Amino acid sequence: MRLPDPALVVLVGASGAGKSTWAAARYRAEEVVSSDALRGVLGSGPHDLDASTDAFAVLETIVAARLGRRLTTVVDTLGIDATKRRAWLDAARACGLPAVAVLLDTPDAECRRRNATRDRPVPAPVLAGQLRSVRDVRPLLDAEGWDLVVAVAAGDVTAPPVPEAAPRSRADRTSSLGLRSVLQVSRFPWGEDPLAWLTDVARAADEAGFAGLALMDHLIQVPQVGRAWDPVPEPWVALGAIAAAGTGLELGTLCTPVTFRPAGVTAKAAATLSALTGGRAFVGVGAGWFEREHAAYGIPFPPARERLDDLERAVVTMKALWAAGTKAYDDHGVVLPETTSYPRPSRPIPVVVGGSGERRTLRVAAEHGDACNLRTTDEAELARLVGVLHAHCDEVGRDRSEVAVTVLDLPVVGADRDDVWARVETLRGRTPAATYAARTHAATVAGHRDRWARLAGLGVSTIFIATPDLGGPDDVLALRGLNA
């Protein structure tokens, strides 16, 4: 069972129950507020009872400060004082954090055995009183209103082993979660050899089990990713270079604004890429949003309504040019005197419509696209948008299964909990750590796989993943566990 995070976690158990061991196996040292550890700081050692009053005063200050910043806080004390428990629970509620009580259900005999091995054992009568209190505490916890009460047996104190991922044997690179993942490269710290960097990243993505690789289509680096003077390559040129790297990756853009090029030119580029890769091309397309780059390059930036009209016509135009034959086309507001476009794509080219506009964008995806692409923010909101897409499919008479749901995920991924938070601290800038961690779903690979499993349950079939600190091929290889 994975506990909510961030959260207040209050440990409940007698001396020797294994509370500190359980916490150390699952949380960073900075997240655990231990009365014993504070006695060691404020007194002569962790068992200096004379320092208890000072230790608990500091403990309360730390707990209040961490909860106020919405940071995971693990309270490592006996936890048998109902008044203190309720105060911590109320504090978590006031901060909007889930509250979890973890009951260490260790046999009395084992607690006594462990206690006897300590340099300064708890006196037997005191320990006996603790054990009696712990036996009576479960119904109290159930009545106190905790979001979750977890009983931990003696054998479950240490961290559970991470299960080995099932081997990936499907040719389409679908993971054991039923998902395909595409690496979206949005930043390009390529140094002195751009081509080598691009091809090395692509080969690493191939080795790490990604189904594809997508490039952003921007003329100036967007502020959400980097500085305006950071390099951003023209994507169709760069994808042509990557195609020569000899990978099995699907290649395409996410997303090409319809304002940048006539739809027919984009269709030609994608068809050429398809021919060069044996049919491994896709096109992500959107209405465009970054007005600054349009002005800088002398490209018109029409109002949103016109751009959405252009988005629909662009998808229709591309599919008409990719179709068999060279006949004229006149439908859905698109008039082409001929559809002479060679080379033809080696296989049908999927069109992924990017954006979450409920009235127009998702309707374009439902009526003309092969997939939509949404942002992974709140899962409830994602489920609602999938419902909107499906309603549009029903309205236009298209089978829901014909329009795949894909998401753009921008996560912080770390090797372990300490690494995750080190990355959060490096990347967050002036944003509060808890806010940034929540926005980026900061977690280990195992944590992201749990989240991705929930996304699959909402109907998501493909995840486009763009990590905010991708620096090169080693960072890509570190993500391989996501695709298992």
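Each remark here, short or long, concerns the structure printed above.
Figured I'd write up the structure that's included with this text. Just so we're clear, the structure is a prediction, and the values are computed from it rather than from any experiment. (Residues numbered from 1 in each chain as written. Predicted model: local features only at pLDDT ≥ 70, side-chain atom pairs only at ≥ 80, totals over all residues. Heavy atoms only, no water.)

Side note on the overall build of the protein
Now for step 1: Within the protein one finds 17 helices and 17 strands.
Now for step 2: Among the 484 residues that make up the protein, the fraction classed as buried is 48%.
Now for step 3: If you take every contact in the protein between residues at least 6 apart in sequence, the share linking residues at least 24 apart comes to 74%.
Now for step 4: Taken as a whole, the protein presents about 22,100 Å² of accessible surface, with 54% of it coming from carbon and sulfur.
Now for step 5: Between the centroid of the 54 positive side chains of the protein and the centroid of its 59 negative side chains there is a distance of 1 Å. (Helix = DSSP H or I, 4+ residues; strand = E, 2+ residues; numbered from the N terminus. Buried < 20%, exposed > 50% of the residue type's maximum accessible area, 1.4 Å probe, protein only. Contact = heavy atoms within 4.5 Å. Areas by Shrake-Rupley, 256 points an atom, 1.4 Å probe, with all protein chains shown as cover. Lys, Arg positive; Asp, Glu negative; His and termini not counted. Charge placed at Lys NZ, Arg CZ, Asp CG, Glu CD.)

Remarks on the sheet that holds strand β1 (residues 8-12)
Now for step 1: Strands sit in the order β2-β3-β1-β4-β5 across an open sheet of five strands; the sheet is parallel. Each of the sheet's edge strands pairs with one partner strand only, and the pair in question is β2 (32-34) and β5 (148-153). The mean angle between the axes of side-by-side strands here comes to 20 degrees, regardless of whether they run parallel or antiparallel.
Now for step 2: Relative to β5, strand β4 (residues 99-105) is paired through six bridges, and the arrangement is parallel. (Pairing = 2+ DSSP bridges. Axes fitted to C-alpha atoms, helices over the stretch in contact; angles between N-to-C directions.)

Focus on a nonpolar patch on the surface
Now for step 1: On the surface, a cluster of nonpolar side chains totalling about 240 Å² of accessible area is made up of Val 41, Leu 42 and Val 58.
Now for step 2: Tracing the backbone shows Val 58 in helix α3 (residues 52-68). (Patch = residues over 30% accessible without salt bridge, like charges linked within 9 Å, V, L, I, M, F, W, Y side chains within 5 Å. Salt bridge = Lys/Arg side-chain N within 4 Å of Asp/Glu carboxyl O.)

Some words on the pattern of salt bridges
Now for step 1: The full count for this structure, using the stated rule, is 33 salt bridges.
Now for step 2: For Arg 85, the salt bridge identified is with Glu 144, shortest N-O distance 2.6 Å. Pair noted here: Arg 85 is in helix α4 (residues 82-95) and Glu 144 is in helix α6 (residues 124-144), with a separation of 59 residues, a long-range link.
Now for step 3: Look at Arg 85 and you get buried, because its relative accessible area is 0%.
Now for step 4: Across the salt bridge formed by Glu 358 and Arg 384, the nearest N and O atoms sit 2.5 Å from each other. One end of the pair, Glu 358, is in the loop between β12 (351-354) and α12 (361-368); the other, Arg 384, is in helix α13 (residues 379-396), with 26 residues separating them in the sequence.

Comments concerning the packing of helix α7 (residues 194-207) against helix α8 (residues 235-243)
Now for step 1: For the pair α7 and α8, interaxial distance at closest approach is 9 Å and the crossing angle is 65 degrees. Judged by the sense of rotation from one axis to the other, the crossing of α7 with α8 is right-handed. For the pair formed by α7 and α8, the contact residues are Leu 195, Leu 198, Thr 199 and Ala 202 on the first element and Ala 238, Ala 241 and Ile 242 on the second.
Now for step 2: Residues belonging to the contact of α7 with α8 are distributed by class as follows: six nonpolar, one polar and no charged. (Left-handed = near helix turned anticlockwise from the far one by under 90°. Nonpolar A, V, L, I, M, F, W, Y, C, P; charged D, E, K, R; others polar.)

Overview of the nonpolar core
Now for step 1: Ranked by internal contacts, the top residues of the largest apolar core, which has 72 residues, are Leu 183, Phe 210, Leu 213 and Trp 322.
Now for step 2: The leading source of residues in this core is helix α11 (residues 304-322), at nine residues.
Now for step 3: Setting aside residues no more than four positions away along its own chain, Leu 183 makes contact with Val 201, Ala 205, Phe 210, Gly 212, Leu 213, Ala 214, Ile 465, Leu 470, Val 476 and Leu 479.
Now for step 4: Grouped together as the second largest cluster of nonpolar side chains are 40 residues, Leu 11, Val 12, Ala 23 and Leu 131 included. (Core = buried A, V, L, I, M, F, W, Y, C linked by side-chain atoms within 4.5 Å.)

Looking at the side chain of Arg 180
Now for step 1: Tracing the backbone shows Arg 180 in strand β6 (residues 180-185).
Now for step 2: Among all residues touching Arg 180, those that are not within four sequence positions of it are Asp 172, Arg 173, Thr 174, Ala 211, Glu 250, Ser 461, Thr 462 and Ile 463.

Remarks on the packing of aromatic side chains
Now for step 1: The full count for this structure, using the stated rule, is five aromatic pairs.
Now for step 2: Summarising the aromatic geometry, the rings of Phe 188 and Trp 190 are spaced 5.8 Å apart at their centres and angled 55 degrees between planes, so their arrangement reads as tilted.
Now for step 3: Exposure remark for Phe 188: the relative accessible area of 4% places this residue in the buried category.
Now for step 4: When its relative accessible area of 19% is taken as the criterion, Trp 190 is described as buried.
Now for step 5: Ring geometry for Trp 289 versus Phe 290: centroids 5.0 Å apart, planes at 25 degrees, classification stacked.
Now for step 6: Residue class for Trp 289 comes out partly exposed when judged on its relative accessible area of 45%.
Now for step 7: Judged by relative accessible area, which is 9%, Phe 290 ranks as buried. (Phe/Tyr/Trp six-rings, centres within 6.5 Å; stacked < 30°, edge-to-face > 60°.)

Thoughts on the state of the cysteines
Now for step 1: Within this structure, the stated rule accounts for zero disulfides.
Now for step 2: As a non-bridged cysteine, Cys 255 has Cys 372 as the owner of its nearest cysteine sulfur, 11 Å distant. (Disulfide = S-S within 2.5 Å.)

Considering unusual backbone geometry
Now for step 1: Of note, the amide linkage connecting Asp 5 to Pro 6 takes the cis form, showing an omega dihedral of 10 degrees.
Now for step 2: Mapped onto the elements of the fold, Pro 6 is located in the segment before β1.
Now for step 3: Residue Cys 255 follows Leu 254 across a cis peptide bond; omega there is -5 degrees.
Now for step 4: Within the secondary structure, Cys 255 is located in strand β8 (residues 250-257).
Now for step 5: Within the chain, Arg 70 stands out as a residue other than glycine whose phi angle is a positive 60 degrees.
Now for step 6: By secondary structure assignment, the location of Arg 70 is in the loop between α3 and β3 (73-76).

Notes on the sheet that holds strand β7 (residues 212-215)
Now for step 1: With parallel pairing, eight strands are arranged side by side around a closed barrel as β6-β7-β8-β9-β12-β13-β14-β17. If you compare each strand with its neighbour and ignore which way they point, the axes differ by 25 degrees on average.
Now for step 2: Taken together, the three bridges between β12 and strand β13 (residues 371-375) define a ladder with parallel strand orientation. Note that in β13 the partner of Val 352 across the bridge is Ala 371.
Now for step 3: In this fold helix α9 (residues 263-277) packs onto β8 and β9 (281-286), with an angle of close to 155 degrees to the strand it touches most, β9.

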